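The chain contents come next:
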Amino acid sequence: MISKAISRTVCHAIFCTFLFSAGCLPAQTPDTHTNAPAGGPFRLPTANANIYERGGEPKFFAPTAPDKPWTSGSFGCVRNDGWRLHEGIDILHLQTDRRGEPTDPVMATADGTVVYFNTHPSLSNYGIYIVLRHNIDGLELYSIYAHLSAIRPGLKTGDSVKAGDVLGTMGRTSNAETILKERAHLHFELNLLNNDNFAAWFHKASPGERNDHGSWNGQNLIGLDPREILLQEHNPAANFNLLSFIHNQTDLCRVLVRATNFPFLRRYSMLVVKNPTAEKEGVAGYEIAFNYNGLPFVLMPRAASEIHGTARIQLLSVNESEQKANPCRRFVVKRGSRWELANDGLRAVELLTYQP
Ligand SMILES: [Zn+2]
C-alpha cells in the first residue's frame, strides 16, 4: 500500500442537490487544545507541526532521497514522475537518540479503537505498524502508523485510545526498503475500508499469494489525502467536515455495477445518494463515482429501466483531465479511442462489490 499498486462527467441533478446539502452540515466544535487543529477531530500524529508553517513543508515531509522534492513524501501520484502512488504522508522525525535513531512519540490522530497491529517487520513493507478505527462525522475511518520501532507496551487490540495518546515510537522498520536515519519518518494514512470479505476475495483473486494481515491488507484500505484534511481543518474558515471532504472529491470515472448488496453500501450508507426512480422501481445496481485513487465517493442506486447493456460492470464515463493529472493508480486505460477499466480498476471494482 505504500505503493498499493494497485470525456467529461455530467453532474446529475440529484447528486448536485445532495452536495449542496452536505456542504451545509454543521461544523465540528472548535478544539482549542495546543497542537489540535482548529476545526476538526484530527491531531498531528507526531510533534512535527511544520505543515502549518508557511514554507514549512521541507521540514515536515520526508522526501524519498535528498535530491527529491518534499512532495515525494506527500500523498498521491508523487513518485516515479507521477506514475507511482504514495498512499499516505511521510512525516520527518524531530528527535534522535545517541545512535541517530528516531525517538519521536507517535500519537493517535483522533479518538478511536486499536483494531490491528503488526509486530513482525519481516511481514510488511510497513514494518511494525498499528491500525486504529475512528468514527468521524458518522464515517468509519482507519488511521495507520507505519515503520515504528516499537508499539507502546501493553497496548492491545480492542483498546480505546484518545486523540494524542501515545501509540508507539517512530522507527525505520520495513521488509521492502532501507529507510536511512536522515529520512526516518512516520508513514501516516487515513483510509476507508473496502470490503469485510477481503480475505476470501484475495484467496480467490490471487491464488497462492500470502495475505498475512486479514482485512488489514493495504489493498483493502483506500487512502484519503491526510495533508489536505489536516490543512483544511486547521483553517477555521474552511468549516471542515469529513463527509463533505469526501463528497467533494473529483471524479476520475463513473462505473455501473449490477450488484446491490455489498458491505461498503452499509458501512458508508451516507455516501449513497437518493434516486426516486430506483426507490419506486427497485434497485438493480449502483452507479459509483471513483476518484483517481479508486475511492468510491458517491454511490447512486439505479433502477433496471436506467441501466443499458447486460454487463455486470460497465465503465460509464472518464474525466480525461483528471486521468491525465493523476494517472498513477492505473484505474482506466484508453485502447484506441475507447476508455476501459484497466486491470487494476477492474480488480478494485470486483473487490468493492465482492460477496462470497
Ligand atoms: Zn510513506
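For the structure, see preceding data.
Residues numbered from 1 in each chain as written. Predicted model: local features only at pLDDT ≥ 70, side-chain atom pairs only at ≥ 80, totals over all residues.

> I'd like to hear about the overall build of the protein, residue by residue, with values.
Helix and strand counts for the protein come out as 9 helices and 17 strands. Burial statistics for the protein: of 356 residues in total, 42% are counted as buried. (Helix = DSSP H or I, 4+ residues; strand = E, 2+ residues; numbered from the N terminus. Buried ≥ 20, exposed ≤ 12 C-beta atoms within 10 Å, placed from the backbone.)

> Summarise the nonpolar core; cite the residues concerned and give the values.
Counting residues in hydrophobic clusters, the biggest one holds 77 residues, and the most contacted among them are Tyr 145 and Leu 148. The greatest single-element share of this core, amounting to 7 residues, is contributed by strand β7 (residues 139–151). Split by domain, the residues of this core number at least three in each of domain 1 (13–21 + 244–352) and domain 2 (50–237). Not counting chain neighbours up to four residues away, the residues in contact with Tyr 145 comprise Pro 45, Val 106, Tyr 129, Ile 130, Leu 167, Gly 168, Leu 186 and Phe 188. (Core = buried A, V, L, I, M, F, W, Y, C linked by C-beta atoms within 7 Å. Domains from an automatic or database assignment. Contact = placed C-beta atoms within 7 Å.)

> Any chance you could break down the environment of Val 115 for me, citing the residues and the numbers?
If you trace the backbone, Val 115 turns up in strand β5 (residues 112–118). Look past the residues within four positions of Val 115 in its chain and what remains in contact with it is Val 131, Leu 132, Arg 133 and Thr 157.

> Requested: an account of the sheet that holds strand β15 (residues 313–318), with residues and values cited.
The 4 strands lie next to each other as β14-β13-β12-β15, forming an open sheet whose pairing is antiparallel. Two strands in the sheet have a free side with no partner beyond their single neighbour: β14 (296–302) and β15. Each adjacent strand pair in this sheet contributes to an overall mean axis angle of 20°, direction not counted. Where strand β13 (residues 285–290) and β14 come together, 6 bridges link them in antiparallel fashion. In the strand pairing of β14, Gly 285 is matched with Arg 302. (Pairing = 2+ DSSP bridges. Axes fitted to C-alpha atoms, helices over the stretch in contact; angles between N-to-C directions.)

> So, the pairing of strand β16 (residues 332–335): which residues are in play, and what are the values?
Of the pairings in the sheet, the one linking β16 to strand β17 (residues 338–341) comprises 4 bridges and is antiparallel in character. Among the inter-strand pairings, Arg 335 is bridged to a residue of β17, identified as Arg 338. Linking β16 back to β17 in an antiparallel pair, the connection comprises 2 residues, with Gly 336 at a positive phi of about 65°.

> Describe helix α3 (residues 198–205), listing the residues and the values that go with them.
Those residues of α3 not exposed but buried are Phe 198, Trp 201 and Phe 202. Here the buried residues of α3 occupy an arc of 100° about the axis, which is enough to place them on one side. (Arc of directions from axis to C-beta.)

> Summarise the environment of Met 170; cite the residues concerned and give the values.
Note on placement: Met 170 falls in strand β9 (residues 166–170). Met 170 sits in the buried class, given 28 other C-beta atoms within 10 Å. The residues contacting Met 170, other than those within four sequence positions of it, are Thr 46, His 93, Pro 102, Asp 104, Val 106, Leu 148, Ser 149, Ala 184 and Leu 186.

> Could you give me a rundown of helix α9 (residues 343–352), with the residues and numbers involved?
Here α9 has its buried residues at Gly 345, Ala 348, Val 349, Leu 351 and Leu 352. Considered in projection along α9, the buried side chains sweep an arc of 160° and stay on one side of the axis.

> An account of the environment of Asn 275 is requested, with residue identities and associated values reported.
Here Asn 275 shows up in the loop between α6 (263–267) and α7 (276–281). Taking C-alpha positions, Asn 275 is 6.3 Å from Pro 301, a pair spaced 26 residues apart along the chain.

> Tell me what's going on with unusual backbone geometry, and back it up with residues and numbers.
Of note in this structure, Asn 80 is not a glycine but carries a positive phi near 50°. Classification of Asn 80 as partly exposed rests on a count of 13 C-beta atoms within 10 Å. Residue His 147 is not a glycine yet carries a positive backbone phi of 70°. Here His 147 shows up in strand β7. The exposure class of His 147 is buried, given the 27 C-beta atoms found within 10 Å.

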